[in-house]
Amino acid sequence: MTDALTLDELAVPLRALRLLALDFPHLPAPHVHLSTVFVERLELSLHDVARTGDSFAAFEAWRAALGIAPDTVTFHVQADGRTQVLRAECRFGGAEVGLIAYATAPQTAADRTGGTA
């Protein structure tokens, strides 16, 4: 016998993901992460790969759909201030859902000129 996790042991977040797909098919597709360590957690992340700021708009659409109160959203920056991060948590379909968005901070004139505006 093996000690490996079975797919059945991930039923809670998989069920939540199925419900999200059924309830919110019109929302932007996030990156989906399931953990074999935190077996009741589903993480949805939105990345600003085009550097357009759209990940925060997508985050806001997901936040509203999941009924997450705006005042529970946290904001921080990472990577020397170049990446902005929004994060929120909720329960949905029996799972703990983490909603995260990453966006590149807009460049300032000083950034573009190497510190001399």
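It should be emphasised that the depicted structure is a prediction, and the values quoted were computed from it without experimental measurement.

Colleague: Report on the overall build of the protein chain, specifying residues and quantitative values.
Modeller: Looking only at helices and strands, the protein chain has three helices and five strands in total. Order of helices (α) and strands (β) in the protein chain, N terminus to C terminus: α-β-β-α-β-β-β-α. Counting over 117 residues, the protein chain shows a buried share of 30%. For the protein chain, the share of sequence-separated contacts (at least 6 apart) that also reach a separation of at least 24 residues comes to 51%. A total accessible area of about 7,400 Å² is found for the protein chain, and carbon and sulfur atoms account for 57% of it.

Colleague: Pulling in residues and values, what's your account of the sheet that holds strand β2 (residues 41-47)?
Modeller: The five strands are arranged β1-β2-β5-β4-β3 in an open sheet whose pairing can be described as mixed. Of all strands in the sheet, those with a lone pairing partner are β1 (31-34) and β3 (74-78), marking the two edges. When strand polarity is set aside, the average angle formed by the axes of neighbouring strands in this sheet is 25°. The strands touched by helix α1 (residues 11-23) within the sheet are β1, β2, β4 (83-92) and β5 (95-104), with β2 carrying the most contacts at an inclination of about 45°. Packing of helix α2 (residues 54-66) onto the sheet brings it into contact with β2, β4 and β5, and relative to β5 it is tilted by some 160°.

Colleague: With reference to specific residues and values, describe α2.
Modeller: With 13 residues, α2 extends 18 Å from end C-alpha to end C-alpha; this agrees with the ideal 18 Å at 1.5 Å per step. Within the span of α2, buried status applies to Ser 55, Ala 58, Phe 59, Trp 62, Arg 63 and Leu 66. Mapping the buried residues of α2 onto a view down its axis gives an arc of 140°, with all of them on the same face. Summarising the contacts, the buried residues of α2 are in contact with α1, β2, β4 and β5. Directly beyond the C-terminal end of α2, a positive phi value near 70° is found at Gly 67.

Colleague: Requested: an account of the packing of aromatic side chains, with residues and values cited.
Modeller: Throughout the structure, instances matching the rule amount to two aromatic pairs. Taking 6.0 Å as the distance between ring centres and 75° as the angle between the ring planes, the aromatic pair formed by Phe 24 and Trp 62 counts as edge-to-face. Remark: Trp 62 occurs in helix α2 and Phe 24 occurs in the loop between α1 and β1; sequence separation between them is 38 residues. There is no split in this pair, since Phe 24 and Trp 62 are both buried. Consider the rings of Phe 24 and Phe 92, whose centres lie 6.1 Å apart with planes at 45°: the pair is tilted. Of this pair, Phe 24 sits in the loop between α1 and β1 while Phe 92 sits in strand β4; the two residues are 68 residues apart in sequence, bridging distant segments of the chain.

Calculation notes
- Residues numbered from 1 in each chain as written.
- Predicted model: local features only at pLDDT ≥ 70, side-chain atom pairs only at ≥ 80, totals over all residues.
- Heavy atoms only, no water.
- Helix = DSSP H or I, 4+ residues; strand = E, 2+ residues; numbered from the N terminus.
- Buried < 20%, exposed > 50% of the residue type's maximum accessible area, 1.4 Å probe, protein only.
- Contact = heavy atoms within 4.5 Å.
- Areas by Shrake-Rupley, 256 points an atom, 1.4 Å probe, with all protein chains shown as cover.
- Pairing = 2+ DSSP bridges.
- Axes fitted to C-alpha atoms, helices over the stretch in contact; angles between N-to-C directions.
- Expected span 1.5 Å × (residues − 1).
- Arc of directions from axis to C-beta.
- Phe/Tyr/Trp six-rings, centres within 6.5 Å; stacked < 30°, edge-to-face > 60°.

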